[in-house]
Amino acid sequence: MAGIPRVFASGKRIAALRDTNVYLLTVELWSRNQVTVRLVGELNERMQSAIASYNAALQGWTADQGKDAVPRSPGEEMFSALRVGLSDEVGTVFTWESGSSGGTGHELLCEWHFRASPELHGGHLTLTVTSSEGSGGSEEIIFPQ
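Let us now look at the overall build of the protein. Within the protein, the secondary structure is distributed over 2 helices and 9 strands. Listed by position from the N terminus, the elements making up the protein come as β-β-β-β-α-α-β-β-β-β-β. Taken along the three principal axes of its C-alpha coordinates, the protein extends 50 × 30 × 25 Å. Expressed as a percentage of its 145 residues, the buried residues of the protein come to 39%. By sequence separation, contacts in the protein at least 24 residues apart represent 55% of the contacts at least 6 residues apart. Per element, the accessible surface of the protein, about 7900 Å² overall, is 53% carbon and sulfur.

Following the sequence through the fold, glutamate 28 ends up in strand β3 (residues 20-31). We classify glutamate 28 as buried; its relative accessible area is 7%. Sequence separation between glutamate 28 and histidine 113 is 85 residues, and the spatial gap between their C-alpha atoms is 9.4 Å. A distance of 2.9 Å separates the side chain of glutamate 28 from the side chain of tryptophan 30, its partner in a polar contact. In terms of polar contacts, glutamate 28 uses its side chain to reach the side chain of arginine 38, at 2.6 Å.

Spatially, the 3 strands line up as an open sheet ordered β5-β8-β9, and their pairing is antiparallel. Unpaired on one side and paired on the other, β5 (82-87) and β9 (136-142) mark the two borders of the sheet. If you compare each strand with its neighbour and ignore which way they point, the axes differ by 15° on average. Looking at chain direction, β5 and strand β8 (residues 124-131) are connected through 6 bridges and run antiparallel. Bridged to leucine 82 within β8 is serine 131. Here helix α2 (residues 74-81) sits on the sheet in contact with β5 and β8, set at roughly 50° to β5.

We now examine the nonpolar core. Membership of the largest hydrophobic core comes to 32 residues, with the highest contact counts inside it found for Leu24, Val27, Val35, Val37, Leu39 and Leu127. Of all the secondary structure elements, the ones that give two or more residues to this core are β2 (13-17), β3, β4 (34-41), α1 (45-60), α2, β5, β7 (108-117) and β8. Considering every element that reaches this core, the biggest residue donor is β7, with 5 residues.

On to the confidence of the model for the protein. In the predicted model, the protein carries a mean pLDDT of 88, and the fraction of residues at 70 or more is 98%. Ranking the elements of the protein by mean pLDDT puts α1 last with 87 and β5 first with 96.

Residues in a regular strand point their side chains to alternate faces of the sheet. In terms of strand pairing, β8 meets β9 through 7 bridges, oriented antiparallel. Within β9, the residue paired with valine 129 across the bridge is glycine 137. The hairpin formed by β8 and β9 contains 4 residues between the paired strands, and glycine 134 there has a positive phi angle of roughly 95°.

Bringing the side chain of histidine 113 into the picture now. Here histidine 113 shows up in strand β7. On the basis of relative accessible area, histidine 113 is assigned to the buried category, the value being 19%. One polar contact links histidine 113 to glutamate 111, side chain to side chain, over a distance of 3.3 Å. In this structure histidine 113 touches Val35, Thr36, Thr95, Trp96, Glu97, Ser98 and Gly99, once residues within four positions along its chain are discounted.

Procedures and definitions
Residues numbered from 1 in each chain as written. Predicted model: local features only at pLDDT ≥ 70, side-chain atom pairs only at ≥ 80, totals over all residues. Heavy atoms only, no water. Helix = DSSP H or I, 4+ residues; strand = E, 2+ residues; numbered from the N terminus. Buried < 20%, exposed > 50% of the residue type's maximum accessible area, 1.4 Å probe, protein only. Contact = heavy atoms within 4.5 Å. Areas by Shrake-Rupley, 256 points an atom, 1.4 Å probe, with all protein chains shown as cover. Polar contact = N/O pair within 3.5 Å; in protein donor to acceptor, adjacent residues only side chain to side chain. Pairing = 2+ DSSP bridges. Axes fitted to C-alpha atoms, helices over the stretch in contact; angles between N-to-C directions. Core = buried A, V, L, I, M, F, W, Y, C linked by side-chain atoms within 4.5 Å. pLDDT = per-residue confidence, 0-100.

This is the structure in structure tokens:
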């Protein structure tokens, strides 16, 4: 199974953050103990404005201001405002290992990487996403064989 992921793709709205819808893009099982969750934020008018403001602020930033003065991107803000969790029917512990956020100007992409312990033996998970505002949802994940 190493190197060939099993992918559950949805496109379903799973949360909202302010007036931005957040959609489940994929849940990927890369090995028996590595799971990646990818969410995308809707690029609505407010978010496009936030990206333009971020780009303008970034152009005004200089290295001598220090890394603490680097403007936060809308993708980073979305990433930090969402809580993502995984569970399964046998009580596997899913430990968050890393994540990232970014975008191309056409989407905001956030991803979370989890390690499962013990290794997964089934192909069924439950994904739960909650925003800092309390909205959210869950999705039953059944990986294709």
